[in-house]
Amino acid sequence: MKTLFDKIWDAHVVKSVPDGPDVFYIDKHFIHEVTSPVAFLGIEKRGKKVRCPEKTIATPDHNVPTINQSEEIQDVLSRTQVEKLTENCNNHGIELHGLGSENHGIVHVIGPELGITQPGMTIVCGDSHTSTHGAFGAIAFGIGTSEIEMVFATQCIMQPKPKKMRITIDGELGMGVTSKDIILYIISQITTAGGTGYFVEYAGSAIKSLSMEARMTICNMSIEMGARGGMIAPDETTFEYLKGKKYAPKGAEWDAAIARWSELKTDEGAEFDVEYKYDASQIQPMVTYGTNPGMGIAVTGNIPTVEAAAGNAKTFTKSLDYMGFEAGESILGKKIDYVFIGSCTNGRIEDFRSVAKFVKGRQKANHVTAWLVPGSKEVERLCNSEGLTKIFEEAGFVLREPGCSACLAMNDDKIPVGKYAVSTSNRNFEGRQGPGARTILASPIMAAAAAITGNITDPRSL
Amino acid sequence: MAFDKFINLKDTCVPLPIENVDTDQIIPARFLKAIERKGFGDNLFRDWRYNSDGSPKEDFVLNNPKYSGRILVGGKNFGSGSSREHAAWSVYDYGFRVVISSFFADIFKGNSLNIGILPVQVSEEFLQKIFTAVFEDAKTEIAVDIDAQTVTIVATGEYESFDLNAYKKDCLKNGFDDIDYLLNSSDEIEEFEKQHNV
Ligand code: SF4
């Protein structure tokens, strides 16, 4: 009896080092402009070429501008990184979805969209949110630059096998509650360190009922509870999503793949090192109030008091001071300045559809700056062809061009010092969205509601 | 990236008693634009260390001349957040070889080991003892013995053991990285690929 995780892990162990890690084989390696250049330098110093360029896929996403992408990048350092990526891909024969090209986008958005991400695979990228791809029943996790160099040189990394956790969520989600709320709720319960050392499988009827986009949002944020990654067993929803995608198997290969993928589930009675169970109907729309993703509450709730807060009081107080919030107060009605809808957590077409549905016929508050940043060119195209872009414009929003944008503020999309941003991204760390920026994490509809009223609002009340 | 062999050390330390120190604090994203590994130590804890005009913040520990040494002592859940190895580079390039905490985020720990930093995980109780000792006397020395896998407060002789797998210990002591090991395993990798079907 094996878990889903065991099945895939064990099938990728080349060998085990005694009292050490496993030599672990990688099926797909995504790379981007920020964490790859030093790794390319590293293998070149060793006189090596990338061993399996056909298993490597590149796109520049972290520091690209989200306006005027057809023009030269203004910031010299960013431009150099993007150019370096192109040069490295050319030298090593790696497929690049460059800026402005048809399939450009955030690496964790384009992988699934193109059907590159498939069940049963091992997938790595020099980015912790690689965990997103686990939604397809793959083992996917972020790696450091030394490990990127290892994959370049040998298509393997050295990894100790993590422990296994299962989080089961049964029941039905209430109105206005999304997969983003599920994951923010889980992290608020488990804390940002609660998953450290584990790989998570999400299961239960509430998870099974979710679309692929919604599943990706959950797996994406597994890392925010400290877990290496998260995964969901593939099912009809997964197969339906992949069918016909550019890089998905076709014809007889597709049938063989379905047969193989259907075996990818946890056997009845297989054991996990730890299990958590939650009831979906108990989960409310969530927001964060502090400076790590574990500091989340129901939007209708109060910020914990110092006594009630988990962990060190000094760290807690420092965090609230940074946010400009008081312990024990309600968060509803807090004035906000910026709204950012995008990122690999919530920058997919489904997210933009839900925002469009919500803002249709409404107007953005005057004092709010709202950035809508699609996760990929494909999302941008669909927004245009489905008429969403027009709805956004009528409501006072502008749709920008794809990239990571204000999720980590490496480009010009920075939230100014002291300003509040409701963000659909995944990290509310100090300065994450720009020095001194104050981030409130939330779902796309929560962000849309805040953009309309100009303050923290329960979307169910609109 | 090869690194200097890890040699047992006895040194003073820099205390940072904050929990959940994340990788965006260790090295903010805007400093990740380099295409070479250079100068990362200068931006370690950038936003805690410097005002926006570039002047040092006097109350931050790295700017306090009382504290120095190759050992950084951090609060629980050190290094959470992103997979950027730049965080570990910054710590190493600044001059630290050991980070002590009562809990480390996985990726930070792995990255540290890969580039020659020894992450030493101790109990919360022992961590607090170190903080107390260092705040009482900034000259407090800590001894880290990689062979015995112990960390000792030199003045009192109190010590604790820490975990380290034999393989990584070997790498650290010899300045080897995983790539050397993997390149030596290429026959086995080729063998594996022949039967592997995704
Ligand atoms: S959108 Fe944000 S979290 Fe996702 S890959 Fe880009 S920077 Fe990382």
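Residues numbered from 1 in each chain as written. Chains lettered and ligands numbered in written order. Predicted model: local features only at pLDDT ≥ 70, side-chain atom pairs only at ≥ 80, totals over all residues. Heavy atoms only, no water.

## Some thoughts on the overall build of chain A
When you go through chain A residue by residue, the secondary structure sums to 16 helices and 19 strands. Computed over C-alpha atoms, the radius of gyration of chain A comes to 21 Å, within 12% of the 23 Å expected from 2.2 N^0.38 for 462 residues, which places it in the range of a compact globule. Taken over the C-alpha atoms alone, chain A extends approximately 55 × 55 × 45 Å along its principal axes. Out of the 462 residues in chain A, the part that is buried amounts to 66%. Within chain A, contacts between residues at least 6 apart in sequence are counted, and of these 76% link residues at least 24 apart. Accessible surface, chain A as shown: approximately 15,400 Å² in total, 50% of it carbon and sulfur. Once the 47 positive and 55 negative side-chain charges of chain A are each reduced to a mean point, those two points are 1 Å apart. (Helix = DSSP H or I, 4+ residues; strand = E, 2+ residues; numbered from the N terminus. Rg over C-alpha atoms; globule rule 2.2 N^0.38 Å. Buried < 20%, exposed > 50% of the residue type's maximum accessible area, 1.4 Å probe, protein only. Contact = heavy atoms within 4.5 Å. Areas by Shrake-Rupley, 256 points an atom, 1.4 Å probe, with all protein chains shown as cover. Lys, Arg positive; Asp, Glu negative; His and termini not counted. Charge placed at Lys NZ, Arg CZ, Asp CG, Glu CD.)

## Quick notes on the overall build of chain B
A tally of helices and strands in chain B yields eight helices and eight strands. Whereas a compact globule of 198 residues would reach a radius of gyration of roughly 16 Å, chain B reaches 18 Å, a difference of no more than 12%. Dimensions of chain B along its principal axes, counting C-alpha atoms only, are 60 × 45 × 25 Å. Sequence-distant contacts in chain B: of pairs separated by 6 or more residues, those separated by 24 or more amount to 67%. Of the roughly 8,200 Å² that chain B leaves accessible, carbon and sulfur atoms contribute 46%. Charge centroids of chain B, computed over 21 positive and 33 negative side chains, lie 4 Å from each other.

## Let's talk about the interface of chain B and chain A
The partner chain A presents 68 residues to the 53 residues of chain B that form the contact. Between the two partners, chain B and chain A, sit six salt bridges. A salt bridge links arginine 432 of chain A to aspartate 24 of chain B; the shortest N-O distance between them is 3.2 Å. Across the chain B-chain A interface, the total number found is 27 residue pairs in polar contact (both at pLDDT 80 or more). When residues of the side of chain B that touches chain A are assigned to their parent elements, the largest contribution, six residues, is made by helix H7 (residues 178-183) of chain B. (Salt bridge = Lys/Arg side-chain N within 4 Å of Asp/Glu carboxyl O. Polar contact = N/O pair within 3.5 Å; in protein donor to acceptor, adjacent residues only side chain to side chain.)

## Observations concerning the site of the ligand
His62, Ile106, His108, Asp127, His129, Ser343, Cys344, Cys404, Cys407, Leu408, Asn426 and Arg432 of chain A make up every residue found near the ligand. Among the residues making up the shell around the ligand, the classes are represented as five nonpolar, five polar and two charged. (Near = heavy atom within 4 Å. Nonpolar A, V, L, I, M, F, W, Y, C, P; charged D, E, K, R; others polar.)

## Quick look at the sheet that holds strand E2 (residues 22-25) of chain A
Strand pairing in a sheet is mediated by backbone hydrogen bonds. Such pairs are either parallel or antiparallel. All names here are of chain A. Here we have three strands laid out as an open sheet, ordered E1-E2-E8, and antiparallel in their pairing. Taken across any chain shown, the strands that pair with only one partner, and hence form the sheet edges, are strand E1 (13-16) and strand E8 (156-159). When the angles between neighbouring strand axes are averaged without regard to direction, this sheet yields 20 degrees. Where E1 lies against E2, three bridges are found, and the strand directions are antiparallel. The residue of E2 that forms the bridge with lysine 15 is valine 23. (Pairing = 2+ DSSP bridges. Axes fitted to C-alpha atoms, helices over the stretch in contact; angles between N-to-C directions.)

## Considering the pattern of salt bridges
Per the stated rule, a full pass over the model turns up 38 salt bridges over all chains. The shortest N-O distance in the salt bridge between lysine 33 of chain B and aspartate 75 of chain A comes to 3.3 Å. Of this pair, lysine 33 of chain B sits in the loop between helix H1 (23-26) and helix H2 (46-49) while aspartate 75 of chain A sits in the loop between strand E4 (56-58) and helix H3 (76-92), each in a different chain. Put simply, lysine 335 of chain A and aspartate 337 of chain A hold a salt bridge, and the shortest N to O gap is 4.0 Å. A relative accessible area of 12% places aspartate 337 of chain A in the buried class. If you follow the salt bridges from partner to partner, you end up with Lys2, Asp6, Asp10, Lys161 and Lys164 of chain A in one network.

## Overview of the domain arrangement of chain A
Residue and element names in this part refer to chain A. Under the domain assignment, chain A is made up of domain 1 (4-159), domain 2 (163-282) and domain 3 (290-457). For domain 1 versus domain 3, the separation of C-alpha centres amounts to 28 Å. Facing 26 residues of domain 1, the contacting portion of domain 3 comprises 22 residues. Applying the counting rule to domain 1 against domain 3 returns zero salt bridges. At the surface where domain 1 touches domain 3, the tally comes to 15 residue pairs in polar contact (both at pLDDT 80 or more). Among the secondary structure elements, those contributing two or more residues to the side of domain 1 that touches domain 3 are H3 and helix H4 (107-113). When residues of the side of domain 1 that touches domain 3 are assigned to their parent elements, the largest contribution, four residues, is made by H4. In terms of residue class, the side of domain 1 that touches domain 3 is built from seven nonpolar, 16 polar and three charged. (Domains from an automatic or database assignment.)

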